Amino acid sequence: MTPLLDGIRVLDLSNVLAGPFCTYQLALLGAEVVKIEQPGRGDLARRLGADPEAAERGMGASFVAVNGNKQSVTLDLKKPEGKAIFLEMVARAHVVVENFRPGVMRRLGLDHAELARIKPSLVYCAISGFGADGPLSQRPAYDQIIQGAAGVMSITGDAQSAPLRVGYPVSDTMGGMTAAFAVVSALLRALRTGEGAFLDVSMLEATLASMGWVVSNHLNAGIDPQPMGNANFTAAPSGTFRTGQGLLNISANEDKQYTALCALLERPDLLSDPRFATRQARKQNRDALTAEVEAGLASRGAAEWEELLVRAGVPAGRVLSVPEVLAHPHLAGRGFVAELEGEAGPQRVTRGGFRVDGESALPRQPAPGLSADTRRWLVDELGHDEADLARLAKEGVI
(Lines give C-alpha, C1' and ligand atoms only; values in the text may rest on other atoms or scores of the structure.)
Protein backbone atom coordinates (compact mmCIF):
# COMPACT_ATOMS: atom_id res chain seq x y z
CA MET A 1 0.00 0.00 0.00
CA THR A 2 1.15 3.55 -0.69
CA PRO A 3 2.26 4.82 2.75
CA LEU A 4 -0.01 7.85 3.20
CA LEU A 5 1.90 9.05 6.28
CA ASP A 6 5.34 8.40 4.84
CA GLY A 7 7.90 10.69 6.50
CA ILE A 8 5.83 11.21 9.66
CA ARG A 9 7.58 10.16 12.88
CA VAL A 10 5.53 9.31 15.97
CA LEU A 11 6.86 8.80 19.50
CA ASP A 12 4.51 6.45 21.31
CA LEU A 13 4.72 6.53 25.11
CA SER A 14 1.40 4.76 25.55
CA ASN A 15 0.54 1.47 27.18
CA VAL A 16 -1.90 -1.44 26.75
CA LEU A 17 -4.62 -0.44 24.25
CA ALA A 18 -6.13 3.02 23.71
CA GLY A 19 -2.81 4.69 22.85
CA PRO A 20 -1.25 1.70 21.07
CA PHE A 21 -4.44 1.23 19.02
CA CYS A 22 -4.17 4.89 17.95
CA THR A 23 -0.53 4.58 16.92
CA TYR A 24 -1.18 1.24 15.20
CA GLN A 25 -3.58 3.03 12.85
CA LEU A 26 -0.86 5.59 12.13
CA ALA A 27 1.70 2.81 11.58
CA LEU A 28 -0.63 1.04 9.14
CA LEU A 29 -0.82 4.29 7.20
CA GLY A 30 2.96 4.42 6.87
CA ALA A 31 4.09 6.56 9.81
CA GLU A 32 7.33 5.62 11.57
CA VAL A 33 6.13 4.78 15.09
CA VAL A 34 8.71 4.43 17.86
CA LYS A 35 7.50 2.96 21.15
CA ILE A 36 9.26 4.45 24.16
CA GLU A 37 9.18 1.72 26.80
CA GLN A 38 10.40 1.32 30.37
CA PRO A 39 13.70 -0.64 30.48
CA GLY A 40 13.21 -4.23 31.57
CA ARG A 41 9.40 -4.07 31.61
CA GLY A 42 7.97 -2.40 28.54
CA ASP A 43 4.32 -2.17 27.64
CA LEU A 44 2.09 -4.14 30.05
CA ALA A 45 0.36 -5.67 27.02
CA ARG A 46 3.56 -7.65 26.36
CA ARG A 47 2.48 -9.81 29.31
CA LEU A 48 -1.21 -10.06 28.38
CA GLY A 49 -3.10 -12.46 26.14
CA ALA A 50 -4.37 -16.02 25.97
CA ASP A 51 -0.96 -17.65 25.29
CA PRO A 52 0.96 -17.69 28.61
CA GLU A 53 4.24 -18.78 27.00
CA ALA A 54 4.17 -15.87 24.53
CA ALA A 55 3.30 -13.50 27.37
CA GLU A 56 6.24 -14.84 29.37
CA ARG A 57 8.51 -13.98 26.41
CA GLY A 58 7.16 -10.42 26.34
CA MET A 59 5.26 -10.99 23.14
CA GLY A 60 1.73 -11.57 24.43
CA ALA A 61 -1.16 -11.87 21.99
CA SER A 62 -2.56 -8.56 23.27
CA PHE A 63 0.70 -6.82 22.37
CA VAL A 64 1.01 -8.43 18.95
CA ALA A 65 -2.52 -7.28 18.05
CA VAL A 66 -1.71 -3.56 17.86
CA ASN A 67 2.06 -3.12 17.72
CA GLY A 68 3.12 -4.30 14.27
CA ASN A 69 5.11 -1.85 12.16
CA LYS A 70 6.53 -0.20 15.29
CA GLN A 71 10.01 0.15 16.75
CA SER A 72 10.95 -0.25 20.42
CA VAL A 73 13.34 2.03 22.29
CA THR A 74 13.74 1.68 26.06
CA LEU A 75 14.26 4.84 28.11
CA ASP A 76 13.79 5.62 31.79
CA LEU A 77 12.17 9.05 31.61
CA LYS A 78 12.64 9.57 35.34
CA LYS A 79 16.41 9.69 34.91
CA PRO A 80 17.94 12.98 33.64
CA GLU A 81 19.84 11.31 30.81
CA GLY A 82 16.78 9.35 29.75
CA LYS A 83 14.81 12.57 29.64
CA ALA A 84 17.58 14.28 27.66
CA ILE A 85 17.63 11.49 25.07
CA PHE A 86 13.85 11.67 24.75
CA LEU A 87 14.02 15.43 24.13
CA GLU A 88 16.56 14.80 21.35
CA MET A 89 14.07 12.38 19.82
CA VAL A 90 11.22 14.89 20.13
CA ALA A 91 13.23 17.39 18.10
CA ARG A 92 13.21 14.84 15.26
CA ALA A 93 9.53 13.82 15.59
CA HIS A 94 6.16 15.12 14.43
CA VAL A 95 3.83 13.51 16.97
CA VAL A 96 3.92 12.39 20.61
CA VAL A 97 1.16 10.11 21.94
CA GLU A 98 0.78 9.26 25.63
CA ASN A 99 -1.94 7.83 27.84
CA PHE A 100 -0.67 8.58 31.32
CA ARG A 101 -2.99 9.98 33.94
CA PRO A 102 -3.23 13.79 33.51
CA GLY A 103 -0.35 15.52 35.27
CA VAL A 104 2.22 12.72 34.99
CA MET A 105 4.03 14.21 32.00
CA ARG A 106 4.05 17.64 33.65
CA ARG A 107 5.70 16.19 36.76
CA LEU A 108 8.32 14.60 34.51
CA GLY A 109 8.92 17.98 32.87
CA LEU A 110 7.81 16.55 29.53
CA ASP A 111 4.32 17.98 29.08
CA HIS A 112 3.07 19.69 25.94
CA ALA A 113 4.23 23.15 26.97
CA GLU A 114 7.79 21.91 27.50
CA LEU A 115 7.96 19.82 24.33
CA ALA A 116 6.42 22.59 22.20
CA ARG A 117 9.36 24.83 23.12
CA ILE A 118 11.63 22.28 21.48
CA LYS A 119 9.35 21.53 18.52
CA PRO A 120 6.66 24.23 18.00
CA SER A 121 4.99 22.20 15.24
CA LEU A 122 4.64 19.12 17.45
CA VAL A 123 1.26 17.38 17.62
CA TYR A 124 0.93 16.20 21.22
CA CYS A 125 -1.90 13.75 21.89
CA ALA A 126 -2.85 12.90 25.49
CA ILE A 127 -5.36 10.08 25.90
CA SER A 128 -6.97 9.59 29.29
CA GLY A 129 -10.11 8.09 30.76
CA PHE A 130 -11.94 11.31 31.55
CA GLY A 131 -9.94 14.10 29.91
CA ALA A 132 -7.25 16.52 31.07
CA ASP A 133 -9.48 18.48 33.45
CA GLY A 134 -12.76 18.22 35.32
CA PRO A 135 -13.78 16.52 38.59
CA LEU A 136 -13.03 13.01 37.33
CA SER A 137 -9.77 13.74 35.51
CA GLN A 138 -7.49 12.18 38.13
CA ARG A 139 -9.35 8.89 38.35
CA PRO A 140 -7.62 5.81 36.96
CA ALA A 141 -9.56 4.35 34.05
CA TYR A 142 -9.64 1.05 32.27
CA ASP A 143 -12.05 0.09 29.52
CA GLN A 144 -14.60 -1.51 31.81
CA ILE A 145 -14.68 1.56 34.07
CA ILE A 146 -15.46 3.75 31.06
CA GLN A 147 -18.05 1.35 29.62
CA GLY A 148 -19.91 1.59 32.91
CA ALA A 149 -19.50 5.35 33.29
CA ALA A 150 -20.52 6.09 29.68
CA GLY A 151 -23.81 4.22 29.88
CA VAL A 152 -22.70 1.52 27.46
CA MET A 153 -23.32 -1.26 29.97
CA SER A 154 -26.76 0.13 30.86
CA ILE A 155 -28.03 -0.45 27.31
CA THR A 156 -26.17 -3.72 26.59
CA GLY A 157 -28.02 -6.98 27.17
CA ASP A 158 -31.75 -7.23 27.82
CA ALA A 159 -34.01 -6.49 30.76
CA GLN A 160 -32.74 -9.59 32.57
CA SER A 161 -29.01 -9.38 31.79
CA ALA A 162 -28.26 -5.64 31.68
CA PRO A 163 -26.10 -3.91 32.66
CA LEU A 164 -23.63 -5.94 30.62
CA ARG A 165 -20.13 -5.29 29.40
CA VAL A 166 -19.57 -5.25 25.64
CA GLY A 167 -17.51 -8.32 24.75
CA TYR A 168 -14.40 -6.44 23.64
CA PRO A 169 -12.72 -3.24 24.94
CA VAL A 170 -14.92 -0.88 22.94
CA SER A 171 -14.07 2.26 24.94
CA ASP A 172 -10.31 1.74 24.60
CA THR A 173 -10.81 1.13 20.89
CA MET A 174 -13.02 4.19 20.35
CA GLY A 175 -10.57 6.31 22.35
CA GLY A 176 -7.71 5.12 20.15
CA MET A 177 -9.62 5.60 16.90
CA THR A 178 -10.72 9.09 17.96
CA ALA A 179 -7.14 9.95 18.83
CA ALA A 180 -5.81 8.73 15.47
CA PHE A 181 -8.39 10.83 13.62
CA ALA A 182 -7.47 13.89 15.70
CA VAL A 183 -3.73 13.35 15.19
CA VAL A 184 -4.01 13.14 11.41
CA SER A 185 -6.24 16.22 11.34
CA ALA A 186 -3.77 18.20 13.48
CA LEU A 187 -0.89 17.00 11.29
CA LEU A 188 -2.58 18.53 8.25
CA ARG A 189 -2.55 21.93 9.95
CA ALA A 190 0.97 21.49 11.31
CA LEU A 191 2.38 20.60 7.90
CA ARG A 192 0.50 23.50 6.28
CA THR A 193 1.16 26.26 8.84
CA GLY A 194 3.84 24.99 11.22
CA GLU A 195 1.41 25.27 14.14
CA GLY A 196 1.37 22.32 16.51
CA ALA A 197 -1.51 21.17 18.71
CA PHE A 198 -2.39 19.74 22.09
CA LEU A 199 -5.03 17.03 21.70
CA ASP A 200 -6.97 16.12 24.84
CA VAL A 201 -8.73 12.81 24.09
CA SER A 202 -11.22 11.55 26.67
CA MET A 203 -12.20 7.88 26.41
CA LEU A 204 -15.48 8.73 28.16
CA GLU A 205 -16.35 11.41 25.63
CA ALA A 206 -15.11 9.38 22.66
CA THR A 207 -17.37 6.53 23.74
CA LEU A 208 -20.39 8.80 24.23
CA ALA A 209 -19.71 10.47 20.87
CA SER A 210 -19.88 7.05 19.22
CA MET A 211 -23.31 6.49 20.79
CA GLY A 212 -24.81 9.26 18.69
CA TRP A 213 -28.33 7.90 18.09
CA VAL A 214 -28.76 6.69 21.66
CA VAL A 215 -27.56 9.99 23.12
CA SER A 216 -29.67 12.03 20.69
CA ASN A 217 -32.81 10.07 21.58
CA HIS A 218 -32.32 11.24 25.15
CA LEU A 219 -31.23 14.81 24.41
CA ASN A 220 -33.70 15.57 21.64
CA ALA A 221 -36.61 13.18 22.11
CA GLY A 222 -36.62 12.83 25.88
CA ILE A 223 -36.36 9.03 25.65
CA ASP A 224 -34.26 7.22 28.24
CA PRO A 225 -32.38 4.42 26.42
CA GLN A 226 -33.24 0.92 27.58
CA PRO A 227 -31.48 -2.42 27.08
CA MET A 228 -33.18 -4.27 24.23
CA GLY A 229 -30.98 -7.32 23.83
CA ASN A 230 -30.58 -8.22 20.17
CA ALA A 231 -33.44 -6.02 18.95
CA ASN A 232 -32.82 -2.84 16.98
CA PHE A 233 -34.56 0.11 18.64
CA THR A 234 -34.97 1.97 15.34
CA ALA A 235 -37.15 -0.58 13.52
CA ALA A 236 -38.99 -3.93 13.57
CA PRO A 237 -38.59 -6.65 12.54
CA SER A 238 -34.91 -5.88 13.02
CA GLY A 239 -32.67 -7.93 15.27
CA THR A 240 -31.69 -11.54 15.93
CA PHE A 241 -34.20 -14.32 15.20
CA ARG A 242 -34.31 -18.07 15.84
CA THR A 243 -34.56 -20.25 12.75
CA GLY A 244 -34.95 -23.99 12.27
CA GLN A 245 -31.18 -24.20 12.84
CA GLY A 246 -29.13 -21.33 14.17
CA LEU A 247 -29.57 -17.62 14.73
CA LEU A 248 -30.08 -15.07 11.98
CA ASN A 249 -29.85 -11.30 12.02
CA ILE A 250 -32.54 -9.63 9.88
CA SER A 251 -32.88 -5.90 9.30
CA ALA A 252 -36.17 -5.32 7.49
CA ASN A 253 -35.98 -1.61 8.27
CA GLU A 254 -37.81 -0.35 5.17
CA ASP A 255 -41.39 -1.09 4.08
CA LYS A 256 -40.24 -2.78 0.87
CA GLN A 257 -37.92 -5.04 2.89
CA TYR A 258 -40.74 -5.97 5.26
CA THR A 259 -42.96 -6.75 2.29
CA ALA A 260 -40.27 -9.01 0.79
CA LEU A 261 -39.80 -10.78 4.13
CA CYS A 262 -43.52 -11.47 4.45
CA ALA A 263 -43.58 -12.87 0.91
CA LEU A 264 -40.72 -15.28 1.66
CA LEU A 265 -42.43 -16.38 4.87
CA GLU A 266 -45.66 -16.87 2.88
CA ARG A 267 -47.42 -14.65 5.36
CA PRO A 268 -49.18 -11.88 3.37
CA ASP A 269 -51.53 -11.45 6.34
CA LEU A 270 -48.71 -9.79 8.28
CA LEU A 271 -48.92 -6.86 5.86
CA SER A 272 -52.58 -6.13 6.56
CA ASP A 273 -52.60 -6.98 10.27
CA PRO A 274 -53.21 -3.60 11.98
CA ARG A 275 -50.56 -4.45 14.58
CA PHE A 276 -47.90 -4.54 11.87
CA ALA A 277 -49.30 -2.42 9.04
CA THR A 278 -47.11 0.63 9.68
CA ARG A 279 -43.52 1.16 10.72
CA GLN A 280 -44.53 2.64 14.06
CA ALA A 281 -47.08 -0.12 14.72
CA ARG A 282 -44.43 -2.77 14.11
CA LYS A 283 -42.14 -1.15 16.68
CA GLN A 284 -44.95 -0.92 19.23
CA ASN A 285 -45.83 -4.59 18.71
CA ARG A 286 -42.27 -5.84 18.34
CA ASP A 287 -42.64 -8.96 20.54
CA ALA A 288 -45.77 -10.19 18.77
CA LEU A 289 -44.17 -9.63 15.37
CA THR A 290 -40.99 -11.46 16.42
CA ALA A 291 -43.09 -14.49 17.42
CA GLU A 292 -44.81 -14.54 14.01
CA VAL A 293 -41.53 -14.15 12.10
CA GLU A 294 -39.77 -16.88 14.09
CA ALA A 295 -42.68 -19.25 13.51
CA GLY A 296 -42.12 -18.82 9.77
CA LEU A 297 -38.34 -19.09 10.02
CA ALA A 298 -38.59 -22.45 11.79
CA SER A 299 -39.04 -24.23 8.48
CA ARG A 300 -35.40 -23.70 7.36
CA GLY A 301 -31.96 -23.17 8.84
CA ALA A 302 -30.15 -19.83 9.15
CA ALA A 303 -27.78 -20.45 6.22
CA GLU A 304 -30.64 -21.15 3.80
CA TRP A 305 -32.70 -18.20 5.02
CA GLU A 306 -29.68 -15.91 4.72
CA GLU A 307 -29.30 -16.74 1.05
CA LEU A 308 -33.03 -16.39 0.30
CA LEU A 309 -33.40 -13.09 2.14
CA VAL A 310 -30.32 -11.47 0.65
CA ARG A 311 -31.43 -12.51 -2.83
CA ALA A 312 -34.80 -10.83 -2.12
CA GLY A 313 -33.15 -7.59 -1.02
CA VAL A 314 -33.61 -8.07 2.72
CA PRO A 315 -30.42 -7.46 4.74
CA ALA A 316 -29.66 -10.66 6.65
CA GLY A 317 -26.67 -12.51 8.06
CA ARG A 318 -25.93 -15.48 10.25
CA VAL A 319 -24.56 -14.90 13.74
CA LEU A 320 -20.95 -16.10 13.47
CA SER A 321 -18.26 -16.75 16.05
CA VAL A 322 -14.90 -14.98 15.80
CA PRO A 323 -13.19 -18.13 14.44
CA GLU A 324 -15.98 -18.57 11.89
CA VAL A 325 -15.76 -15.06 10.49
CA LEU A 326 -11.94 -15.07 10.41
CA ALA A 327 -12.07 -18.31 8.39
CA HIS A 328 -14.68 -16.94 5.99
CA PRO A 329 -13.54 -16.88 2.34
CA HIS A 330 -14.69 -13.27 2.05
CA LEU A 331 -12.01 -12.06 4.49
CA ALA A 332 -9.44 -14.41 2.99
CA GLY A 333 -10.13 -12.92 -0.44
CA ARG A 334 -9.69 -9.38 0.87
CA GLY A 335 -6.43 -10.16 2.66
CA PHE A 336 -7.63 -9.14 6.10
CA VAL A 337 -5.20 -11.38 8.01
CA ALA A 338 -1.47 -11.54 7.37
CA GLU A 339 1.29 -13.67 8.88
CA LEU A 340 4.59 -12.04 9.77
CA GLU A 341 7.73 -13.73 11.03
CA GLY A 342 8.73 -12.35 14.43
CA GLU A 343 11.77 -13.10 16.56
CA ALA A 344 9.67 -15.39 18.78
CA GLY A 345 7.81 -17.06 15.93
CA PRO A 346 5.04 -16.17 13.48
CA GLN A 347 2.58 -13.39 14.29
CA ARG A 348 -0.87 -13.36 12.68
CA VAL A 349 -2.22 -9.83 12.52
CA THR A 350 -5.18 -7.98 11.04
CA ARG A 351 -5.08 -4.94 8.82
CA GLY A 352 -7.03 -1.73 9.31
CA GLY A 353 -10.66 -1.67 8.28
CA PHE A 354 -9.89 -0.04 4.93
CA ARG A 355 -7.96 -0.35 1.71
CA VAL A 356 -6.09 2.41 -0.12
CA ASP A 357 -6.31 2.36 -3.91
CA GLY A 358 -7.33 -1.28 -3.70
CA GLU A 359 -4.42 -2.31 -1.48
CA SER A 360 -4.63 -3.52 2.11
CA ALA A 361 -3.18 -1.51 4.97
CA LEU A 362 -1.17 -4.30 6.59
CA PRO A 363 1.90 -4.03 8.82
CA ARG A 364 5.13 -4.80 6.98
CA GLN A 365 7.02 -5.73 10.15
CA PRO A 366 6.02 -7.75 13.23
CA ALA A 367 5.59 -6.30 16.71
CA PRO A 368 9.08 -5.50 18.04
CA GLY A 369 10.94 -7.19 20.84
CA LEU A 370 11.54 -5.00 23.88
CA SER A 371 14.35 -2.51 23.15
CA ALA A 372 14.90 -3.94 19.66
CA ASP A 373 15.71 -0.48 18.22
CA THR A 374 17.44 1.25 21.14
CA ARG A 375 20.96 0.76 19.85
CA ARG A 376 20.13 1.85 16.30
CA TRP A 377 18.41 4.97 17.53
CA LEU A 378 21.11 6.05 19.95
CA VAL A 379 24.01 5.26 17.64
CA ASP A 380 22.68 5.99 14.16
CA GLU A 381 20.17 8.75 14.88
CA LEU A 382 21.57 10.51 17.96
CA GLY A 383 25.32 9.86 17.61
CA HIS A 384 26.10 8.04 20.87
CA ASP A 385 29.10 5.69 20.84
CA GLU A 386 29.36 2.11 22.10
CA ALA A 387 30.98 3.12 25.38
CA ASP A 388 28.13 5.53 26.06
CA LEU A 389 25.59 2.81 25.31
CA ALA A 390 27.26 0.43 27.74
CA ARG A 391 27.29 3.09 30.48
CA LEU A 392 23.62 4.03 29.90
CA ALA A 393 22.61 0.37 30.05
CA LYS A 394 24.58 -0.20 33.27
CA GLU A 395 22.88 2.82 34.87
CA GLY A 396 19.43 1.62 33.81
CA VAL A 397 18.78 4.63 31.55
CA ILE A 398 18.19 2.32 28.57
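Just above sits the structure.
Residues numbered from 1 in each chain as written. Predicted model: local features only at pLDDT ≥ 70, side-chain atom pairs only at ≥ 80, totals over all residues. Heavy atoms only, no water.

With respect to the overall build of the protein
From N to C terminus, the protein includes 19 helices and 13 strands. C-alpha atoms of the protein, sized along the principal axes, occupy 85 × 45 × 40 Å. The burial tally for the protein puts 44% of its 398 residues in the buried class. Considering only contacts within the protein whose residues lie at least 6 apart along the sequence, 66% involve residues at least 24 apart. On the protein, roughly 19,800 Å² of surface is accessible, and the fraction owed to carbon and sulfur atoms is 54%. Both charge centroids of the protein, one from 40 positive and one from 46 negative side chains, sit 2 Å from each other. (Helix = DSSP H or I, 4+ residues; strand = E, 2+ residues; numbered from the N terminus. Buried < 20%, exposed > 50% of the residue type's maximum accessible area, 1.4 Å probe, protein only. Contact = heavy atoms within 4.5 Å. Areas by Shrake-Rupley, 256 points an atom, 1.4 Å probe, with all protein chains shown as cover. Lys, Arg positive; Asp, Glu negative; His and termini not counted. Charge placed at Lys NZ, Arg CZ, Asp CG, Glu CD.)

What to know about the sheet that holds strand E7 (residues 238–242)
The strand order E7-E8-E9 describes an open sheet built from three strands, whose pairing is antiparallel. Where the open sheet ends on each side, the last strands, each with one partner, are E7 and strand E9 (316–318). When the angles between neighbouring strand axes are averaged without regard to direction, this sheet yields 25 degrees. Here helix H14 (residues 286–297) sits on the sheet and contacts E7 and strand E8 (247–251); the angle it forms with E7, its principal contact strand, is near 45 degrees. Across the sheet, helix H15 (residues 302–311) is in contact with E8 and E9; its angle to E9 comes to roughly 160 degrees. (Pairing = 2+ DSSP bridges. Axes fitted to C-alpha atoms, helices over the stretch in contact; angles between N-to-C directions.)

Some details on the packing of aromatic side chains
Within this structure, the stated rule accounts for one aromatic pair. Relative to phenylalanine 198, the ring of tyrosine 124 lies with its centre 5.7 Å away and its plane at 35 degrees, an arrangement referred to as tilted. Taken together, the residues tyrosine 124 in strand E5 (residues 123–128) and phenylalanine 198 in strand E6 (residues 197–202) connect sequence positions 74 residues apart. Exposure remark for phenylalanine 198: the relative accessible area of 42% places this residue in the partly exposed category. A cation over a ring is seen here: arginine 300 above tryptophan 305, with NZ or CZ 5.1 Å from the ring centre. (Phe/Tyr/Trp six-rings, centres within 6.5 Å; stacked < 30°, edge-to-face > 60°. Lys NZ or Arg CZ within 6 Å of the ring centre and 35° of its normal.)

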